[in-house]
Amino acid sequence: MAAHTVYKEPAPIMDRENPLESMMSRFNIAAEILGLDDETYNVLKAPDKQVIVNLPVTMDDGKLRVFEGYRVIHNTILGPSKGGIRYDKHVHIDEVKALAAWMTWKCAVVDIPYGGAKGGIICDPTTMSPGELERLTRAYTLALKDVFGPDRDIPAPDMGTGPREMAWLMDEFSKTVGATSPAVVTGKPLVMGGSLGRTEATGRGVMVSTLAALKKLNLKPTDVSAAVQGFGNVGSWAAKLLFDKGLKIKAVSDISGAYWNADGINIDEAIAYKNAHNGRLEGFTGATTMDADDLLTSDVDVLVPAAVEDVITEHNARDIKAKLIVEGANGPTSASADPIINEKGILVVPDILANSGGVTVSYFEWVQNRQGFKWTEEMVTERADRIMNDAFEKVYQTSQKYKIPMRIAAYVVSIDKVAQTYKFRGGF
Ligand SMILES: NC(=O)C1=CN([C@@H]2O[C@H](COP(=O)(O)OP(=O)(O)OC[C@H]3O[C@@H](n4cnc5c(N)ncnc54)[C@H](OP(=O)(O)O)[C@@H]3O)[C@@H](O)[C@H]2O)C=CC1
Ligand SMILES: O=C(O)CCC(=O)C(=O)O
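Cut-off values and rules
- Residues numbered from 1 in each chain as written.
- Chains lettered and ligands numbered in written order.
- Predicted model: local features only at pLDDT ≥ 70, side-chain atom pairs only at ≥ 80, totals over all residues.
- Near = placed C-beta within 6 Å.
- Helix = DSSP H or I, 4+ residues; strand = E, 2+ residues; numbered from the N terminus.
- Nonpolar A, V, L, I, M, F, W, Y, C, P; charged D, E, K, R; others polar.
- Domains from an automatic or database assignment.
- Pairing = 2+ DSSP bridges.
- Axes fitted to C-alpha atoms, helices over the stretch in contact; angles between N-to-C directions.
- Contact = placed C-beta atoms within 7 Å.
- Buried ≥ 20, exposed ≤ 12 C-beta atoms within 10 Å, placed from the backbone.
- Arc of directions from axis to C-beta.
- Expected span 1.5 Å × (residues − 1).

## Section: the site of ligand 1
Piece 1. Around ligand 1 lies a shell of 27 residues, among which Gly230, Gly232, Ile255, Ala329 and Gly358 are the nearest.
Piece 2. Mapped onto the shell around ligand 1, the elements with two or more residues apiece are helix 7 (233-244) and strand 8 (248-254).
Piece 3. Its residues assigned to classes, the shell around ligand 1 shows ten nonpolar, 14 polar and three charged.
Piece 4. Inspection of the shell around ligand 1 shows a minimum of three residues originating in each of domain 1 (4-13 + 48-196) and domain 2 (199-354).

If you want it as structure tokens, here you go:
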């Protein structure tokens, strides 16, 4: 008889900052500023739906392992819910709930017709074979076949997933409905309905919002240095596009460590090195190694956290030297750090604005799938850049109007749009 193991070893959330608490604390401040009515507040403070699934997967050694997966739908008043799927050993339901709510606010801030959702599976994709990952992805899709759908809930990549997983998901879902259904998922490979520009979209949005913020600070990109934490999809593209705009990228990092060069790192070389070395920067010779935590407090003008949640906390915020933080990751700053950052006068382009380029181009992918017509790369980037710049300006003007940080202003813009929609639609 095969041995049965339940693969479930999440880090207890109590030992870390809780992203859900950070999300709620900002939501509460913005709701207060808006004078949000109790009914709408009570609807928005909790997710519409939380699904927990058990996923039995036969591993390559013939043993059966049961993984735990989640899909949280935060809100759908603006449209079908949208949000990525995370494969990571630290996935936690509270984290998925926070990430789902951030998707609602993110889609509202860029004014695209989606609600918010997020998914995750507790697993370590770095130790699993492609076959195991495929069986896991198909099991997750089957378990959620009644949740997903082009007009219901549309997943996408997040940490630990990419076009390969989205292709398996699209295929498995299509089999359950008996017809090829490309619009059920975004972030697909180009040959099967993916959009030009989606791979780099989140990093591009980070670059566009960094340039917009530098303008407000009267700083020229070519006079500015930056550090980027995380060198995956978001971090590597953000670093490359900022490097191309003339910023001196003095530090980058991934899970293997942080790498520093006061004269600037050649990001093209760093990406080529990573691609040739199993996706890691370990051993990169274009920089010297530095303590990973020191990257966040290093002597640079712009800090781009683009890895995981809660890396900027009350414990290190005082030591940050950057004048500008542009949040490529979701939730990289704990609410406990907000007052310190505000007191220091650091301008923060918050996650729900700075990294919204990804979902914006996902929206374009979904539109193209439904139109059955492929846009050119120029159409994608021109429209995405315009949306990012418009959203930046709207949030910036709101922050000026209410004399509040851009983070709270972004929540104000989003919650206001959602609340107004509830008023018009009625129903409760
Ligand atoms: N992909 C997207 O379109 C979007 C992603 N985001 C957010 O951006 C963030 C990154 O996602 P994405 O780039 O897709 O994920 P990836 O899995 O592609 O990359 C994550 C990167 O972070 C590194 N990393 C993980 N933990 C640490 C750490 N403690 N310190 C330094 N680096 C670390 C990883 O290193 P290694 O590879 O060596 O493990 C990897 O370089 C997440 O918060 C995600 O939710 C937001 C909007 C859209
Ligand atoms: O592209 C998408 O639909 C969602 C991306 C995502 O998960 C995010 O923005 O955090």
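## Re the site of ligand 2
Piece 1. For ligand 2, the set of nearby residues contains 13 residues, the closest of which are Gly84, Ala156, Asp158, Val359 and Ser362.
Piece 2. Where the shell around ligand 2 is concerned, the elements lending two or more residues are strand 4 (81-88) and helix 11 (357-371).
Piece 3. Looking at the shell around ligand 2 residue by residue, the class counts come to two nonpolar, eight polar and three charged.

## A few points about the sheet that holds strand 7 (residues 225-229)
Piece 1. Strand order in the open sheet formed by seven strands is 10-9-8-7-11-12-13, and the pairing between neighbours is mixed. The open sheet terminates on both sides in strands that have one partner only, identified here as strand 10 (288-290) and strand 13 (347-349). The sheet shows a mean angle of 20° between the axes of neighbouring strands, direction not considered.
Piece 2. Taken together, the four bridges between strand 8 and strand 9 (residues 257-260) define a ladder with antiparallel strand orientation. Within the sheet, the bridge partner assigned to Asp254 lies in strand 9 and is Gly257.
Piece 3. Most of the contacts of helix 6 (residues 198-216) go to strand 12 (residues 324-326), to which it runs at about 160°, and overall it touches strand 11 (302-305), strand 12 and strand 13.

## A short note on helix 8 (residues 267-276)
Piece 1. Turning to helix 8, its buried residues are Ile267, Ala270 and Lys274. For helix 8, the arc enclosing every buried residue in end-on projection is 55°, short of the 170-degree limit, so these residues lie on one face. Seen from the buried face of helix 8, the exposed residues on the opposite side, beyond 90 degrees, are Asp268, Ala272, Asn275 and Ala276.
Piece 2. Residues of helix 8 that are buried sit in contact with helix 7 and strand 8.
Piece 3. Backbone geometry just after helix 8 places Asn278 at a positive phi near 60°.

## Concerning helix 5 (residues 163-177)
Piece 1. Spanning 15 residues, helix 5 covers 21 Å between terminal C-alpha atoms, matching the ideal 21 Å at 1.5 Å per step.
Piece 2. Every buried residue belonging to helix 5 is among Glu165, Met166, Ala167, Trp168, Leu169, Met170, Glu172 and Phe173, and all of these are buried.
Piece 3. On its buried face, helix 5 is in contact with helix 4 (130-143) and strand 6 (153-157).
Piece 4. Once helix 5 finishes, Gly178 follows within two positions and takes phi at roughly 75°, a positive value.

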